Every structure is written in structure tokens, then in C-alpha cells.
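Read off the chains here:
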Amino acid sequence: MLNKQGRQTDIVNLTELPQDSFATHSGNRGLEQDELLIYEIGDTERTGVDLEEVENFENRLGGITREDKIGLAGLSEPETMRHYTRLSRMNYAIDMGLYPLGSCTMKHNPRINEKVARLPGLADIHPLQPMSTVQGALEAMDKLAHWLKTLTGMPAIAMSPKAGAHGELCGLMAIRAALDKRGENRSIVLAPESAHGTNPATATLCGYKVKSIPATENGHVDLEALKEALGPDVAAIMLTNPNTCGLFERDVIEIADAVHDIGGYFYCDGANFNAIVGKVRPGDLGVDAMHINLHKTFSTPHGGGGPGAGPVVLSEALAPFAPVPYVVHSKQGFALVEHMEDGSDSFGRMTAFHGQMGMNIRALAFMMSHGSDGLARVAEDSVLNANYVMASLQDDMTVSYPGPCMHECLFDDRFLNGSGIATLDFAKAMIDEGYHPMTMYFPLVVHGAMLIEPTESESKQSLDQFIGSLRHLVAEAKAGNTELFSGAPYLAPLRRLDETLAARKPVLRWTKPE
Ligand SMILES: *Cc1c(COP(=O)(O)O)cnc(C)c1O
């Protein structure tokens, strides 16, 4: 029969698939190769390298040398290649298809960025090399810092934070240092209900109590409730703009003024900068500190625990409290200030070395290849794409807040009411359609949230295909085909996993079966 795109397919109906017929001897399903753990296929004696025994060396570990073997499994080189290639094929990736995770900005990683980051003068240097030998690398850091400050309209920047959450920590530590300097011991940080989990987590880690600000019916911060919560004990507000419902907080300047009036600081969570880059400068909105997820807005790779980078721009008020190190430029060239000078207000150092160099280079390459007009197009196209998805699906799914939206669109599970299909089941069925599910159950302000962020990377053709899949699933749900959802995913290497058990009781150590 023909599938929805008119292509020939053998699969008639997923739920009629005889699942047992997949029980091949090898565990492989055609081109989809099964793969065992490295401990099951490798052993401690096997290795892909052949090194000579070292003779006459002096042990300087002072008696703490490991006596027993470390027990790591090894493989030969061809086995290693196969092992990781097979594993990589079980993974969903931005290079395979649309990755609709809302809030995460999973966009294409341009290959020019990869090429530049691999230039030996940038890839093969060491952070402890003499500064005179890494002038180009320092200049690249300085240039990126310059453009991040220019794009945000902020006077200062800390380049070392290694993720958005790390940037939040940096921002709040700068705020705490500023308050300490004023001799004030404020104890509360305000965060809207829709905040990303890292916001309250960061505030708590910094020793603050978090007070939650409710949202209005339209998905914005409730300005009146916010003003009521403000007082002399409030250190800061952490606000995401555009917010996690995909909406621009129109009251943002009034919010900034109100927070400043009581002597507090405005931390902006900049994870959604993708929607406004080249269009709006957060510095013009009264922001005191904002992290920029280079791995979101500036396309550096992320996911699977890979490295991100979260530089933090700072206002005039917070600039003196920025952490070391930072790059300075004089007639002698570029240099890193590694240590706090006497009398410095810097809150100290957050991390070894200077930040994620490879990410810095990729982000700079992204900026330079786009230019100012291209960066503004990033924001325009990401917003256009999200609104296209929202408008296309508004009659099928339930839109949480009336549009237009910014770079992501929020649906909730009301369209599944009475169908007997849970939000989670719907997400699992998307895997059979060949898509990573959108962000599920976040933000918490609506029931059964489904947050879709297509990003500017997607063509209309790819959006139409995605929309077609979702429409198909919605139609099946409304027609009562519950089995298509309750048993999903049918086509993934593993079906339903007990995710709660895995999170609560993770098995982190492989032990040889008896
Ligand atoms: C991604 C994200 C963060 C955290 O950033 P990481 O780089 O993952 O640490 C914080 N807030 C929002 C709104 C985000 O989307």
C-alpha cells in the first residue's frame, strides 16, 4: 500500500504487526543492528593500541597506586568502530530529522563551524600554553565576547560558564556579591511558575528562598502579583523572555523598573534569545544579568550530555563582580586576567581554565557567517516557523494561549480528553512516526503541555511532513485507535521502559551475569 506521502510501504497497520516475528536469531532487525554493552562484547585483555612496556620509570604517586586492575573492557579498533557506529544509529539526531523539543532550540549545526573549530591553531592548543603563543585564540574569545555584548546591549561579560544553568549560577553569584558589597542580606528570589527548573534550583543552590509568581490566563507573568511580592527582602527576579510558553513578556520594562525600585536585580534567563537575536537587546529592557546558551541560539551542538556554553552578560551595576578569568587587550596584545587583583570585587573563579573554547569558536563562526542581517533572519524565521506549526495544528490539537507565539508554540492535552490516550502515549507514538517527541509536561502552567520549537533550520517541506504526522496521530486518537498509542513505540529497538524506576533506582554498574 501507499503511505501518506504516496510512497510504497509494506506496513499496513502498526498494531497488526506480529511483534514476535521480529525475534531474529541475532536480535538485529535488518539494517537495525542490535548492540550489546561494551562489557559484554569486550574484555579487559583486548585493546586497539599496542604500546611498549615502559621501563625504568619512577612512581611519584606516593603509595596511592591502584593495585588491582581497573576492569575496563577494551575492543580492537574495528570492533570499536562498529560498537559506537551501531550505538549512534539507535540515537535520534538533528542530522536525521526535525527535533521539536521546545525550550531546547535543537537547530542545525553548520559544518563550517565544525571546520573552523578543527583548525589546528584552535583545536590543538592547551589552556596552560604561554599567552604569546595563543594570541589568535584569545582574540577569537575577545571577538565573541564583543559580539555577544553588542547583540545584547550589555557592557560586560563572563565567558567561562559552561552551560545555561552554570551561567545562572554565575549571574546569581554576581548578584549576591553586589548585595554583600552593599551590606545587604536579602533572602528571596522571585521566579514565575512557568520557569525552567534550573532557575529555582540555581537560586536554592545560592542559598535563596524561591517565591513563585503565578501566570495570568494568557500565559504571562502576573504583574500585580509580582509587584505584591516585591519587598526589601527580594534579591532578584529570574525571568525568561520570551517566556517558556513561547510568549514575549510585554511588561518586561515595567517589571525591571519595579525590581530596581526595591533595590533588587533582574536576572534574565536568555535560553530563548533565539527568538529575538538581532531584533531586541536585553540591555534595553533593564536586564542586569543574562546567560546566553551558545548551544541554543548560536547553533553549537548539544544534547546527550555534550558540552554547551553559557556566557553571561552583565549590566554596569554587576560588571565589577564578574568572575575571573577575562580577556584584556592592550598594546602588548591579548592577555587573560587569571587572578583577582587587590581590591577587586570579582566574586572569584567558577571553573578551571577559560570556558568551552570549541563552543566559542563554533558560535563565532555562526555569527560571522550569518552577519547582522542573517542573525535577524534567525529570529524572524524561527518565529515564522513556530507560528506556521501553531496555525496548522490549531484545529487538531489545543493551543494553550492564543497566538501569535514567538519561536515555540504551546499545546496542551485537552484534545485528548475522553480518548483514553495519555499525553505520554501520544509522545511515544511520535517515535513510531520517526520523530523525537516535543517537550512534554513542561511548562507546568498548563495540563499535559506539549511545547514545539521547530527553529529556523526547518524548511516548509519538513514542517509539512511533521505537521502531517501529528495530524495523522490526532485523527487516529480521535477515531479511538487507542492501541496505536498504548503500545507505542512499536518500531523502536526498545519499547516502553520504566523511566520512573530508571530515574529513582539507576543501575550504574554492570555486573557479570552468574
Ligand atoms: C536550556 C534552558 C536552561 C538551561 O540551560 P543548559 O544549557 O541546559 O544548562 C535554562 N532555562 C531555559 C528556559 C532553558 O530552555
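Look a little higher up for the structure.
Every residue gets a number counted from 1 within its own chain, in the order that chain's sequence is written. Totals for whole chains, interfaces and linings use every residue, but because this is a predicted model, local features are given only for residues with pLDDT of at least 70 and side-chain atom pairs only at 80 or more, for both listing and counting. Side-chain metrics in this entry use all non-hydrogen atoms of the structure; hydrogen atoms and water are not considered.

1. Concerning the sheet that holds strand β10 (residues 398-399)
- The pairing criterion for strands is at least two bridges between them, as found by DSSP. By definition, any uninterrupted DSSP run of H or I lasting at least four residues is a helix, any uninterrupted run of E lasting at least two residues is a strand, and each is numbered from the N terminus. Strands sit in the order β10-β11-β13-β12 across an open sheet of four strands; the sheet is antiparallel. Each having just a single partner strand, β10 and β12 (439-440) make up the two edges of the open sheet.
- Pairing between β12 and strand β13 (residues 450-452): two bridges, direction antiparallel. Across the sheet, the residue bridging to Thr439 is Leu451, located in β13.
- Throughout, a residue-residue contact means that at least one pair of heavy atoms, one from each residue, lies within 4.5 Å. Helix axes are fitted only over the stretch in contact, all axes being lines through C-alpha atoms; the angle between N-to-C directions runs from 0 to 180 degrees. This element, helix α11 (residues 357-393), spans β10, β11 (409-412) and β13 of the sheet and lies at about 30 degrees to β11.

2. Thoughts on α11
- Expected span of a helix: the number of residues minus one, times 1.5 Å. Taking 1.5 Å of rise per residue, the 37 residues of α11 would be expected to cover 54 Å, yet its terminal C-alpha atoms sit only 41 Å apart, more than 12% below that figure.
- The sharpest bend along α11 comes to roughly 105 degrees, located at Gly371. To get the bend at a residue, fit one axis to the 7 residues ending there and another to the 7 starting there, then take the angle between the axes.

3. Observations regarding the packing of aromatic side chains
- Working definition: a ring pair exists when centres of Phe, Tyr or Trp rings (six-membered ring for Trp) sit within 6.5 Å. Plane angles under 30 degrees give stacked, over 60 give edge-to-face, the rest tilted. All chains considered together, the criterion is met by six aromatic pairs.
- Between Tyr39 and Trp510, the ring centres sit 5.5 Å apart and the planes meet at 15 degrees, which makes this aromatic pair stacked. Taken together, the positions of Tyr39 in helix α1 (residues 38-41) and Trp510 in the segment after α15 (499-504) put the pair 471 residues apart, joining distant regions of the chain.
- Here the term buried applies to any residue with accessible area under 20% of the maximum for its type, exposed to any over 50%, and partly exposed to those in between, with areas from a 1.4 Å probe on protein chains only. A residue is classified by how much of its surface remains accessible, and Tyr39, at 34% relative accessible area, is partly exposed.
- Judged by its relative accessible area of 30%, Trp510 is partly exposed.
- Judged by centre distance (5.4 Å) and plane angle (85 degrees), the ring pair of Phe415 and Phe426 falls under edge-to-face. Here Phe415, found in the loop between β11 and α12 (423-432), pairs with Phe426, found in helix α12; they are eleven residues apart in sequence, far enough to count as distant.
- Take Phe426: its relative accessible area is 0%, and that puts it in the buried class.
- One aromatic cluster in this structure is built from Phe415, Phe426 and Phe485.

4. A few points about the pattern of salt bridges
- When a carboxyl oxygen of Asp or Glu lies within 4 Å of a side-chain nitrogen of Lys or Arg, that pair is called a salt bridge. On inspection of all chains with the given rule, the structure shows 22 salt bridges.
- One salt bridge connects Asp95 with Arg111, and the closest N-O pair in it is separated by 2.5 Å. Of the two residues, Asp95 is situated in the loop between α2 (77-89) and α3 (111-117) and Arg111 in helix α3; the sequence distance between them amounts to 16 residues.
- Between Arg349 and Glu338 there is a salt bridge, and its shortest N-O distance comes to 2.6 Å. With Arg349 in the loop between β9 (333-337) and α11 and Glu338 in the loop between β9 and α11, this residue pair connects regions lying eleven residues apart in the sequence.

5. Some details on the site of the ligand
- For each residue, the test is whether any non-hydrogen atom lies within 4 Å of the molecule or strand; if one does, the residue is near. In the vicinity of the ligand, the residues found are Ser103, Ala163, Gly164, Ala165, Glu168, His196, Thr198, Asp269, Ala271, Asn293, His295 and Lys296.
- Residues adjacent in sequence count toward polar contacts only when both atoms are side-chain atoms; beyond that, a polar contact is any pair of N or O atoms within 3.5 Å, and within protein one must be able to donate a hydrogen and the other to accept it. In the model, an oxygen atom of the ligand is placed 2.8 Å from a nitrogen or oxygen of the Ala165 main chain.
- Residue His196 places a side-chain N or O atom 3.5 Å away from a nitrogen atom belonging to the ligand.
- Under the convention used here, a 1.4 Å probe and the Shrake-Rupley method define accessible areas, while residue burial counts only the protein chains that appear. Relative to its free-state accessible area of 380 Å², the ligand is covered by the protein chains to the extent of 86%.
- At the level of secondary structure, the elements contributing two or more residues to the shell around the ligand comprise α6 (164-181) and α10 (294-297).
- Looking at the shell around the ligand, the element that brings in the most residues is α6, giving three residues.

6. Looking at the environment of His370
- The topology assignment puts His370 in helix α11.
- Classification of His370 as partly exposed rests on a relative accessible area of 27%.
- Along the chain, His370 and Asp498 lie 128 residues apart, while their C-alpha atoms are 43 Å from each other.

7. Let's talk about the pairing of β9
- Counting buried positions over the five residues of β9 gives four, a clear majority of the element.
- In this sheet, β9 lies alongside strand β8 (residues 326-330) in antiparallel orientation, the contact comprising five bridges. Bridge assignment links Val328 to a residue of β9, and that residue is Ala335.
- Where β8 folds back onto β9 in an antiparallel hairpin, the turn is made up of two residues.

8. A closer look at the side chain of Glu168
- Checked against the element boundaries, Glu168 lands in helix α6.
- A residue counts as positive if it is Lys or Arg and as negative if it is Asp or Glu; His and the chain ends are not included. An unpaired buried charge is present at Glu168: no salt bridge exists, and Lys296, the closest side chain of opposite charge, is 7.8 Å distant.
- A polar contact of 3.1 Å, which involves the side chain of Glu168, links it to the side chain of Asn199.
- Setting aside its immediate chain neighbours within four residues, Glu168 contacts Thr198, Asn199, Thr202, Met238, Tyr267, Asp269 and His291.

9. A short note on the environment of Pro110
- Summarising the element assignment, Pro110 is placed in the loop between α2 and α3.
- Judged by its relative accessible area of 15%, Pro110 is buried.
- Among all residues touching Pro110, those that are not within four sequence positions of it are Ser299 and Phe366.

10. Section: the packing of α12 against helix α13 (residues 460-478)
- At their nearest, the axes of α12 and α13 sit 11 Å apart, and the two run at 130 degrees to each other. One element, α12, and the other, α13, form an angle in the oblique class. The hand of the α12/α13 crossing is right-handed. Judged by residue contacts, Phe426, Ala429 and Met430 of α12 engage Phe466, Leu470, Leu473 and Val474 from α13.
- When residue character is reported, Ala, Val, Leu, Ile, Met, Phe, Trp, Tyr, Cys and Pro are called nonpolar, Asp, Glu, Lys and Arg charged, and the others, Gly included, polar. A breakdown of the residues in the contact of α12 with α13 according to their chemical character gives seven nonpolar, no polar and no charged. Roughly parallel here means an angle under 35 degrees, roughly antiparallel means over 145, roughly perpendicular means 65 to 115, and every remaining angle is called oblique. If you view the pair so one helix is near and one far, a crossing is left-handed when the near helix is turned anticlockwise from the far one by less than a right angle, and right-handed when it is turned clockwise.

11. Here we look at the packing of α11 against α13
- Interaxial distance between α11 and α13 falls to 10 Å at its minimum, and their mutual angle equals 30 degrees. On the basis of their axis angle, the class for α11 and α13 is roughly parallel. Seen from above, α11 lies across α13 with right-handed handedness. Contacts between α11 and α13 involve Asn385, Tyr388, Val389, Ser392 and Leu393 from the first element and Lys460, Leu463, Asp464, Ile467, Leu470 and Arg471 from the second.
- Looking at the contact of α11 with α13, its residues break down into six nonpolar, two polar and three charged.

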